[in-house]
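# Remarks on the overall topology
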Amino acid sequence: MPSDSQRSDLLQGTLDMLILKVIALGPIHGYAIAQRLQQMSADVLQVQQGSLYPALHRLEKRRWVRAVWAATDTGRDARFYTLTSVGRRQLDEQREYWDRLSNAISGVLRTAE
Amino acid sequence: MSIFRRPNRPRIADEVRFHRDQLIADYIARGLTADEARRRAFVEFGNANAIEEQVRDVRGRWIADVASDLRYALRTLGRAPAFAAVAILSLALGIGANTAIFTIINAVMLRSLPVAEPQRLVQFARLRGDGRPGAMSYPPFVHFRDRLPSISGAFAQWHSEQAVSVDGEDELLMTAAVTGDYFRVLGVGAEAGRLLTAADEVPVPTAAVISDAYWHRRFGRDPSAIGRSLAIRTRVYTIVGVTSPSFGGIRPGIRYDVIVPLVMTESQRRESTFNVLSVMGRLRPGATVEHANAEMQVIWSAFQTEAARGLPERARADMLRARAAVLPASDGINPLRYDFSSPLFILMGLVLLVLLLVCVNLSGLLLARATARQHEIAIRLAIGASRVRVIRQLLTESLVLALAGGAVGLAIAGWLGRLLVSLFANGVALDLDVTPDWSVLAFTAAVSLAVCVLAGLAPAAQAVRGTISGPLKGARATGTPRVGKLGKLSKLIVAAQLAISMMLVVGATLFVGSLLRLYRVDRGFDARPVIVAAVRHDGSYTPERSQVVQAAIVDRLRAVPGVASASATQVLPLSGGLWSRDVKVEGSAVGGDQPENVGFNVIAPAYFATLGTTLIAGREFDARDGGDAPVAIVNETFARAFFGDGPALGRRVTSLDVTYTIVGVVRDAKYQNLRDGIIRTMYIPWTLRSEDPPSRYHFLVRFASPESAAVVASLDRAVRDADPGLRLRSAISYATLVDRSLVAERLLATLAGMFGALALLIAALGVFGLLTFHVARRTSEFGLRMALGAGRSTLMGLVFRDVAVMITAGVTVGTAMSLTVTGLAQKTLFGVTPSDPLVFATAAAVLSAAALLAAWLPARRAARVDPLIALRVE
């Protein structure tokens, strides 16, 4: 939905980056992505399912991730996501951009003090 | 369903469910009970359907959604077959009528000749007094053909209906006599054999080409037809080839079955006023019509000066006044465009209004359905469907209806188109191809889509407005959905129906009124029991023989049982015009030395008695009126114009060096058509015109009692008795001739009348439907009012007040809209003006009466509400 993407441009971009990062660690399904994000951020970031799944499918549509149905350890079918080469480049770019941005923001905040 | 279950299918629901199940499993693993885990998972998770919908939005879902919407629409429509049938049929009528008219417009005005590069074809035309292109004579044709630099070739055609004889069997066919370059310039191919070339244009030509249709009809496409001979009059031709099937000639609406080389006598070739040729040319590559026309103007004025030199004074002035032009002719020489364009556009406007009415009507029906389905829609919204999604689903339903209507409409359009063409043709050969081509299909598709949006959007948008909870809470129990807005929109729809109906009823009143007034016009003759016959003869007669044969025909016709009198004339009243001639009237104040132009006709004795025109003074012609003492009869307008109140009998009129003595004055008769005024007319007896053959005359036969078709055989016998070489060519009643002079008017009046009646019916049904619904919904209110002492008339008044508001709105808006467009039909109207108050008052009265009548039943039901039962409903 266009209105959603406009409403939270930064947030969504950030979420996309975080998801890409998690997926970069290896094939993983949606539930595990949510769990992992929560763990990795020490419970600070909680991703709503209503944001997670649209984001995953958006990434898949952009061909940044690939998805296949496969069995989990418990034997149930789940949809596993892996990063494509395009996705990996995207992740690197976004990460670089994010570093520059956060450095810049921290710089501004420091001088303002 | 199965085609959408591909291996790579995302299975969004499965993925989301997996997530939720994992969540539950996690909670259980953390020590919660199964029930508690499930509850918390559900709370945390929220609406799974909504998530799925969002994911689908992200993925883009046209194909799958459209398919499921279509399935859903078909299913819901299948559950309401009556509604679907009514909707599809009414749409089919509306779309079919539009397609039919468009098909004819396409055939008459938009289609090019089926020849190579038709856009390079031009017509060379003499411009007539009314600005329309007319036929040409031979000298300017040759002049242009040989001198115009912009054209690569030109040809002339002289066409006529001829008795074509094959194996001794006669058949009346349209034939074209053409100059040698005809097929080369047109770029037409042969289906069999060869076509005519310049080598065939010899003094005694022997080659003939036939049309594919005639080859099929007469010879069963037998190749041996080539080499057979056919005879036209005294000439015998050998068939050398067949034209390609798509080619029917250069005049849309007429198919030429036999094409032969042009033969003209030496004097016909010389005569620069002998305007019988249709002339066309082909532009050189890169040349434009404007360019060719500019060149022609230069050449034409040189030609005029040259041609005028040899002419007598009067004719010289005419020649110098004449205008000519090069006109685009990718559709050939097409007088139909002039004749039919205005009635066709009016008809197109009328059928578009009908379609609009059908749309609005469908809108009302869809709205009623949406009201009934409010519960279902509310549930869909509540479980996570977006409003846009629901609107799309409802629109799919109207799309299905519109497309089905369009398909059925297309099917009936072919039939309607043929019907309309036969109405336009009105007994005259009119060969229009009305099979749908791609432009017709595109038109129908576009109209269907427009219908879908027009009819479906408002009800669909309305259906998803408002709160979800309302319809879900108990409102369903009493069957009373939200009152306010729905009521308003449906009232608006009925008012719109009334407004469109008003326009159609105004149209009907205008055109029917015009037609009735035209039929009431004083024609100056009463030809009800009169049959008009024409004869043909293959050989030619000497002048002496002509006179004898003509007199014999009239004598024999008069002797047929049941015939009161018989006569003949060169020009029939209401046939389009008279010959015109310059006359000098002795002792007349008008004109002085200058000749005056008057109408001119050649008639047989007893003409006025046969036609039913009153003789005011003097006598009719009789057999003794001969060449040594020329006589004439004039009409009242002639007498008044030249002699004022003085006597006309015995006065002398000179024309073309012959001086006639006036022996009679007759009442005015209309010769052009019923609309135009009276022409000053002079009649001379046929005994003075020995050079005209019998085929030049129309023979009139007046019967003592209403004529019957059975007499045609006896007329034919009478004609053969007069001379064995004669045949009856046609015999039709004068009433038919009058009808033919009013083709466009009758067509418009008939169709506008039908559409008006249809509009009344639809408007009345709209009012009836809305009020019935309304009254049913307000049953308890009415019961309460009645219990509180309201009388029946009060309750009926309540209902009628609603109706009055809608009628007032509809009639007002309809009147305003009508006034903006009726002016376009000005030329077609007669005796009424486009803003005639009487017409509008009549239309408003009729429409209001219909609407009030339709309101009567529901109003009475309101008044008969039983308070006890009504209150129990709640």
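Residues numbered from 1 in each chain as written. Chains lettered and ligands numbered in written order. Predicted model: local features only at pLDDT ≥ 70, side-chain atom pairs only at ≥ 80, totals over all residues.

Moving on to the overall build of chain A. Along the backbone of chain A there are five helices and three strands. Along its sequence from the N terminus, chain A presents helices and strands in the succession α-α-β-α-α-β-β-α. By the burial criterion, 27% of the 113 residues in chain A qualify as buried. (Helix = DSSP H or I, 4+ residues; strand = E, 2+ residues; numbered from the N terminus. Buried ≥ 20, exposed ≤ 12 C-beta atoms within 10 Å, placed from the backbone.)

What follows concerns the overall build of chain B. Looking only at helices and strands, one finds 27 helices and 22 strands in chain B. For a compact globule of 874 residues, the expected C-alpha radius of gyration is about 29 Å, and chain B comes in at 37 Å, more than 25% above that figure. Expressed as a percentage of its 874 residues, the buried residues of chain B come to 42%. Put simply, of all contacts in chain B between residues at least 6 apart along the chain, 83% involve residues at least 24 apart. (Rg over C-alpha atoms; globule rule 2.2 N^0.38 Å. Contact = placed C-beta atoms within 7 Å.)

With that settled, consider the interface of chain B and chain A. Contact with chain B, which involves 14 residues of that partner, is made by 13 residues of chain A. Mapped onto the side of chain B that touches chain A, the elements with two or more residues apiece are α1 (12-29) and α3 (48-59) of chain B. Grouping the constituent residues of the side of chain B that touches chain A by class yields seven nonpolar, four polar and three charged. (Nonpolar A, V, L, I, M, F, W, Y, C, P; charged D, E, K, R; others polar.)

For the rest of this paragraph, the subject is the nonpolar core. All names here are of chain B. Among the nonpolar cores identified, the biggest contains 118 residues, and I104, V354, L498, L847 and A851 are the most heavily contacted of them. The greatest single-element share of this core, amounting to 20 residues, is contributed by helix α12 (residues 335-372). The contacts of L498, once residues within four sequence positions are left out, are A763, M806, I807, G810, V811, G814, L847 and A851. V164, L173, V209 and F247 belong to the second largest nonpolar core, which has 63 residues in total. (Core = buried A, V, L, I, M, F, W, Y, C linked by C-beta atoms within 7 Å.)

With that out of the way, let us pick up the domain arrangement of chain B. What the domain assignment reports for chain B is domain 1 (2-60), domain 2 (118-330), domain 3 (338-519 + 743-873) and domain 4 (539-724). Between the C-alpha centres of domain 1 of chain B and domain 2 of chain B there is a distance of 81 Å. (Domains from an automatic or database assignment.)

So, on to the pairing of strand β9 (residues 258-261) of chain B. All names here are of chain B. Pairing of strand β4 (residues 169-178) with β9, which is carried by four bridges, proceeds in the parallel orientation. Paired with A177 across the strands is V260, a residue of β9. For strand β6 (residues 207-210) and β9, the ladder comprises two bridges, and the chain directions are antiparallel. Bridge assignment links V209 to a residue of β9, and that residue is I259. (Pairing = 2+ DSSP bridges.)

Now for the sheet that holds strand β3 (residues 77-83) of chain A. Residues and elements named next belong to chain A. If you trace the three strands from one edge of the open sheet to the other, you get β1-β3-β2, paired in antiparallel fashion. Where the open sheet ends on each side, the last strands, each with one partner, are β1 (28-29) and β2 (65-71). Note that β2 and β3 share seven bridges and pair antiparallel. In the strand pairing of β3, V65 is matched with L83.

This next bit is on the packing of α12 of chain B against helix α15 (residues 438-463) of chain B. All names here are of chain B. Close contact between α12 and α15 brings their axes to 8 Å; oriented N to C, the two are set at 25°. Overall, the two elements α12 and α15 adopt an arrangement that is roughly parallel. α15 is crossed by α12, and the crossing has right-handed handedness. In contact with L355, C359, L362, S363, L366, L367 and A370 of α12, α15 contributes V451, L454, A455, G456, A458, P459, Q462 and A463. Here the contact of α12 with α15 is composed, by residue class, of twelve nonpolar, three polar and no charged. (Axes fitted to C-alpha atoms, helices over the stretch in contact; angles between N-to-C directions. Parallel < 35°, antiparallel > 145°, perpendicular 65-115°, else oblique. Left-handed = near helix turned anticlockwise from the far one by under 90°.)

Residues and elements named next belong to chain B. Between the first and last C-alpha of helix α18 (residues 543-559) there are 25 Å, a value that for 17 residues agrees with the 24 Å anticipated at 1.5 Å per step. For α18, the set of buried residues is S546, Q550, I553, V554, R556 and L557. Projected down its long axis, α18 carries its buried residues within an arc of 165°, all on one side. In α18, the exposed residues that point more than 90 degrees away from the buried face are E544 and A559. Next to the buried residues of α18 lie β12 (530-537), β13 (563-569), β21 (698-703) and α21 (711-722). (Expected span 1.5 Å × (residues − 1). Arc of directions from axis to C-beta.)

Residues and elements named next belong to chain B. Among the residues making up helix α20 (residues 636-643), those that are buried are E636, F638, A639, F642 and F643. Viewed end-on, α20 has its buried residues packed into an arc of 160°, placing them on one side of the element. Among the structural elements, β14 (579-585), β15 (596-603), β16 (615-618), β17 (631-635), β19 (658-666) and β20 (681-685) are those in contact with the buried residues of α20. With its phi angle positive at about 55°, G644 sits one or two positions after the end of α20.

In this section: the environment of A844 of chain B. With respect to the helices and strands, A844 of chain B occurs in helix α26 (residues 837-863). Here the alpha-carbon distance between A844 of chain B and G810 of chain B, two residues 34 residues apart in the chain, equals 9.5 Å.

The next thing to look at is the packing of α1 of chain B against helix α2 (residues 34-45) of chain B. All names here are of chain B. Across the interface, α1 lies against α2 with an axial gap of 8 Å and an inter-helix angle of 135°. With respect to their mutual orientation, α1 and α2 come out oblique. With respect to the hand of their crossing, α1 and α2 are arranged in right-handed fashion. Contacts between α1 and α2 involve R20, L23, I24, Y27 and I28 from the former and A34, A37, R38, R40, A41, E44 and F45 from the latter. Looking at the contact of α1 with α2, its residues break down into eight nonpolar, no polar and four charged.

To continue, consider the confidence of the model for chain A. All names here are of chain A. Scored by pLDDT, chain A comes out at a mean of 82, with 88% of its residues at no less than 70. For chain A, per-element mean pLDDT is lowest for helix α1 (residues 2-7), which scores 37, and highest for β1, which scores 92. Confidence drops under a pLDDT of 50 for residues 1-10, and excluding neighbours within four residues, the segment shows three contacts in the predicted structure. (pLDDT = per-residue confidence, 0-100.)

On to the environment of V108 of chain A, then. Here V108 of chain A shows up in helix α5 (residues 85-112). Remark: the alpha-carbon pair of V108 of chain A and E60 of chain A, spanning 48 residues in sequence, is separated by 36 Å.

Let's shift gears to the confidence of the model for chain B. All names here are of chain B. Residues of chain B with pLDDT of at least 70 account for 93%, and the chain-wide mean is 84. Predicted confidence is poor over residues 1-7, with pLDDT under 50, and the contacts of this stretch with residues over four places away or in other chains come to one contact. Predicted confidence is poor over residues 475-486, with pLDDT under 50, and the contacts of this stretch with residues over four places away or in other chains come to 16 contacts. Here the predicted complex scores 0.74 on pTM and 0.84 on ipTM.

All names here are of chain B. Positive phi outside glycine occurs at L574, with the angle close to 65°. Take L574: it is sitting in the loop between β13 and β14. In this structure L574 comes out as buried when scored by C-beta crowding, with 21 C-beta atoms within 10 Å. Here the phi dihedral of A606 falls at roughly 65°; this positive angle occurs in a residue that is not glycine. You can see A606 is positioned in the loop between β15 and α19 (607-611). For A606, a count of 20 C-beta atoms within 10 Å puts it in the buried group.

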